[in-house]
Amino acid sequence: MIPFNQLKPLHDLLAEEIALAMRRVADSGWYILGPEVEAFEREFADYHNVDHAAGVASGTDAIELALRAGGIGPGDEVITVAHTAMATVTAIEAAGAKPVLADVDLCTYTLDPKSALDRITDRTRAIVVVHLYGQPADLASLDAIAKERDLLLIEDCAQAHGAAWNGAKVGTVGHMGTFSFYPTKNMGAYGDGGAVITKDAALADKLRKLRNYGQTTRYTHQSRGCNSRLDELQAAILRVKLQHLDRHNQRRQAIAAIYDELLQGLVTPRVAANAEHVYHLYVIRDQRRDQLMAALKARDIGTLIHYPIPIHLQESHRDLGLAAGSLPNTEKAAREILSLPLYIGLSDDEVKRVCMTIRELRG
């Protein structure tokens, strides 16, 4: 059996370091917003060459709090994509804003700048661009649009830890970059967690207040906030993971290179000229996707679809008023995409077996 993903091999590689980090927290007697969080925030900011990072409870919270820190709320429209995890849109709605869904580029599966531009109205206040599958979106075009229209640009980097655009880490081009540390991410915690990075000291100050009930000092509240705090245990684990992130991303890139070589002739990931892809997922396209997925399952090879139903076609979001056919690239992708096994611990031989099986099944 080759599963789609498994987390234990990565834990086994780092088990001793992680055990020491967890013991350090247990022995400290300080478990919320303490020295581990402060150290992780400093190290995460340094990794991205920015001045500020704020740890929060999840990637969803990271987007919501970034929007709120940027002054986005009821009556505002925020442009994003329908081809993303529901968390992106949930966060926009949690901030009180209306999500406006644009189409994706069919090569990168990320926000199409022209489609975003077409959806700007006098109520548009922000763009949330999703760096999907580990591939950076077209930040040059989107940043230019945001600056020209005076819009807040937030980068959803949940699937792109360590990816880069024109040599700059994702999350550093827009006003803020948001991250999820859900366990399956390229840098995952042992539970939920998230962070927001920014170069702007005023935004960082707002973020830190918002995540802790709007508190400035103990029992003194300047604004309405919430409880969204990265805990000390997760921060300690993430400090270990951060030290290995680049090496693990290189392994993901090596796995992707094998797939690229042995799956020539299929629609495999195309990396933008200015981008460094970190392959959170390796996604192919096939018009007979469902049959291929079933056949691979019969051969004990696990796959998944990211994502089978675009948000505008979900029953929960039919009220956005986008009918089938309104986002053609998004809908074509949803019909054809298939994510292949890719995780730390997957061997070259296992990758080759996946490739040989796919070629055999496709004739």
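Along each chain, the written sequence defines residue order, and numbers are assigned to residues from 1. This being a predicted model, a pLDDT of at least 70 is required before a residue's local features are given, and a value of 80 or more before pairs of side-chain atoms are given or counted; all residues contribute to the totals for chains, interfaces and linings. Processing note: side-chain calculations cover all non-hydrogen atoms of the structure and skip hydrogens and water entirely.

S.K.: Account for the overall build of the protein, naming residues and giving values.
M.R.: A tally of regular secondary structure across the protein gives eleven helices and 14 strands. Note that the radius of gyration is over C-alpha atoms, with the globule rule given as 2.2 Å times the number of residues to the power 0.38. The C-alpha atoms of the protein give 20 Å as radius of gyration, which agrees with the globular expectation for 363 residues (21 Å, within 12%). Projected onto its principal axes, the C-alpha positions of the protein cover 70 × 55 × 35 Å. For every residue, the accessible area obtained with a 1.4 Å probe (protein chains only) is divided by the maximum for its type, and the residue is called buried under 20%, exposed over 50%, and partly exposed between those limits. With 363 residues in all, the protein has 54% of them scored as buried. Counting only contacts in the protein whose residues sit at least 6 apart along the sequence, the fraction spanning at least 24 positions is 70%. In summary, the charge assignment counts Lys and Arg as positive and Asp and Glu as negative, without counting His or the chain termini. To locate a charge, take atom NZ for lysine, CZ for arginine, CG for aspartate or CD for glutamate. Taken as two groups, the 40 positive and 46 negative side-chain charges of the protein have centres that lie 2 Å from each other. Secondary structure follows DSSP: runs of H or I at least 4 residues long count as helices, runs of E at least 2 residues long count as strands, and numbering of each begins at the N terminus. The contact criterion used is simple: two residues touch if any of their non-hydrogen atoms lie within 4.5 Å.

S.K.: Any chance you could break down helix α6 (residues 139-149) for me, citing the residues and the numbers?
M.R.: One turn of an α-helix holds 3.6 residues; hence residues three or four places apart share an orientation. Burial in α6 covers these residues: Leu139, Leu142, Asp143, Ile145 and Ala146. Angularly, the buried residues of α6 cover 160° about the axis, an arc narrow enough to put them on a single face. In this structure, α6 carries Lys147 and Glu148 as exposed residues pointing more than 90 degrees from its buried face. Structurally, α6 contributes buried residues whose contacts are with α5 (113-118), β4 (124-130), β5 (152-156) and β6 (164-165). In the stretch just after α6, aspartate 150 is the one whose phi turns positive, near 55°. By arc we mean the arc of the directions from the helix axis to the C-beta atoms, nothing more.

S.K.: For the environment of leucine 10, give the residues involved together with the corresponding values.
M.R.: With respect to the secondary-structure elements, leucine 10 resides in helix α1 (residues 8-28). Its relative accessible area of 14% is what places leucine 10 among the buried residues. C-alpha separation for the pair leucine 10 and glycine 345, spaced 335 residues apart in sequence, amounts to 6.5 Å. Ignoring any residue separated from it by four or fewer positions in sequence, one finds leucine 10 in contact with Lys241, His248 and Ile344.

S.K.: Tell me what's going on with the pattern of salt bridges, and back it up with residues and numbers.
M.R.: The working definition used for a salt bridge is a side-chain nitrogen of Lys or Arg within 4 Å of a carboxyl oxygen of Asp or Glu. Counted under the stated rule, the structure contains 19 salt bridges. Of the charged contacts in the structure, one is a salt bridge between glutamate 43 and arginine 239, with a shortest N-O distance of 2.8 Å. With glutamate 43 in helix α2 (residues 35-48) and arginine 239 in helix α8 (residues 232-262), this pair connects stretches of sequence that are 196 residues apart. In this structure, glutamate 360 and arginine 299 form a salt bridge, with 3.3 Å as the shortest nitrogen-oxygen distance. Linking glutamate 360 in helix α11 (residues 348-362) with arginine 299 in the loop between α9 (289-298) and α10 (328-336), this pair joins segments that are 61 residues apart in sequence. Glutamate 360 sits in the exposed class, given a relative accessible area of 52%. A cluster of three or more residues bridged by salt bridges with shared partners is formed by Arg24, Glu36, Glu43 and Arg239.

S.K.: If you had to explain α8 to someone new, which residues and values would you point to?
M.R.: Helix span is expected to be 1.5 Å times the residue number reduced by one. The end-to-end C-alpha separation of α8 is 43 Å, in line with the 45 Å expected for 31 residues at 1.5 Å each. Think of it this way: the bend at a residue is just the angle between two axes, each fitted to seven residues, one set ending at that residue and the other starting at it. Residue leucine 245 marks the point of greatest curvature in α8, where the axis turns by about 50°. Where α8 starts, the residue carrying a side-chain oxygen 2.9 Å from the main-chain nitrogen of leucine 233 turns out to be aspartate 231. Side-chain atoms alone can form a polar contact between residues adjacent in sequence; in general such a contact is a pair of N or O atoms within 3.5 Å, and within protein one must be able to donate a hydrogen while the other accepts it.

S.K.: Any details on the nonpolar core? Residues and values, ideally.
M.R.: We define a nonpolar core as any set of buried Ala, Val, Leu, Ile, Met, Phe, Trp, Tyr and Cys residues linked to one another through side-chain atoms lying within 4.5 Å. Membership of the largest hydrophobic core comes to 53 residues, with the highest contact counts inside it found for Leu111, Tyr259, Leu263, Tyr282, Ile284, Leu340 and Ile358. When residues no more than four places from it in sequence are discounted, the contact partners of leucine 263 are Thr268, Tyr282, Ile284, Leu340, Cys355, Ile358 and Arg359.

S.K.: Hey, could you go over the packing of α1 against α8 for me, with residue numbers and the actual values?
M.R.: The geometry of a pair of packed helices is captured by two quantities: the angle between their axes and the separation between those axes. Contact geometry of α1 with α8 gives a least axis separation of 9 Å together with a crossing angle of 145°. Seen from above, α1 lies across α8 with right-handed handedness. Listed contacts from α8 to Leu10, Leu14, Glu17, Ile18, Ala21, Met22, Arg24 and Val25 of α1 are Glu232, Leu233, Ala236, Ile237, Arg239, Val240, Lys241, Gln243, His244 and His248. Its residues placed into classes, the contact of α1 with α8 shows ten nonpolar, three polar and five charged. Here an axis means a line fitted to C-alpha atoms, over the contact stretch when the element is a helix, while the angle between two N-to-C directions is reported on a 0 to 180 degree scale. Helix crossings are classified by the rotation of the near helix relative to the far one: an anticlockwise turn of less than a right angle makes the crossing left-handed, while a clockwise turn makes it right-handed. Amino acids outside the nonpolar list (Ala, Val, Leu, Ile, Met, Phe, Trp, Tyr, Cys, Pro) and the charged list (Asp, Glu, Lys, Arg) are all regarded as polar, and Gly is one of them.

S.K.: Give a detailed account of the packing of aromatic side chains, specifying residues and quantitative values.
M.R.: When we look at a pair of aromatic rings, we describe it by the centre distance and by the angle of the planes. Within 6.5 Å between ring centres, the rings of Phe, Tyr and Trp (the latter by its six-membered ring) count as paired, and their orientation is classed by plane angle as stacked under 30 degrees, edge-to-face over 60, tilted in between. Inspection of every chain in the model, using the stated rule, returns seven aromatic pairs. Ring centres of phenylalanine 44 and phenylalanine 179 lie 5.0 Å apart, and the angle between their planes is 80°; on these two criteria the pair is classed as edge-to-face. Remark: phenylalanine 179 occurs in strand β8 (residues 176-180) and phenylalanine 44 occurs in helix α2; sequence separation between them is 135 residues. The buried category is assigned to phenylalanine 44, whose relative accessible area is 1%. Pairing tyrosine 279 with tyrosine 282 gives two aromatic rings, centres 6.1 Å apart and planes at 25°, and the pair type is stacked.

S.K.: I'd like to hear about the sheet that holds strand β12 (residues 275-276), residue by residue, with values.
M.R.: Strand order in the open sheet made by the three strands is β7-β6-β12, with antiparallel pairing throughout. Looking along the sheet, the strands with just one partner apiece sit at the ends: β7 (168-169) and β12. Relative to β7, β6 runs antiparallel, the two being bridged by two bridges. Paired with alanine 164 across the strands is lysine 169, a residue of β7. DSSP-based pairing: two strands are paired if at least 2 bridges between them are found.

S.K.: Can you lay out the sheet that holds strand β2 (residues 77-81) for me, pointing to particular residues and giving the numbers?
M.R.: Strand order in this open sheet of seven strands is β1-β9-β8-β5-β4-β2-β3, and the pairing throughout is mixed. Looking along the sheet, the strands with just one partner apiece sit at the ends: β1 (52-56) and β3 (98-102). Taking the axes of each pair of neighbouring strands and ignoring which way they run, one obtains an average angle of 25° across the sheet. Direction of pairing for β8 relative to strand β9 (residues 194-198): antiparallel, over a ladder of four bridges. Across the sheet, residue phenylalanine 179 finds its bridge partner in β9, namely alanine 195. This element, helix α3 (residues 59-69), spans β1, β2, β4, β5, β8 and β9 of the sheet and lies at about 160° to β8.

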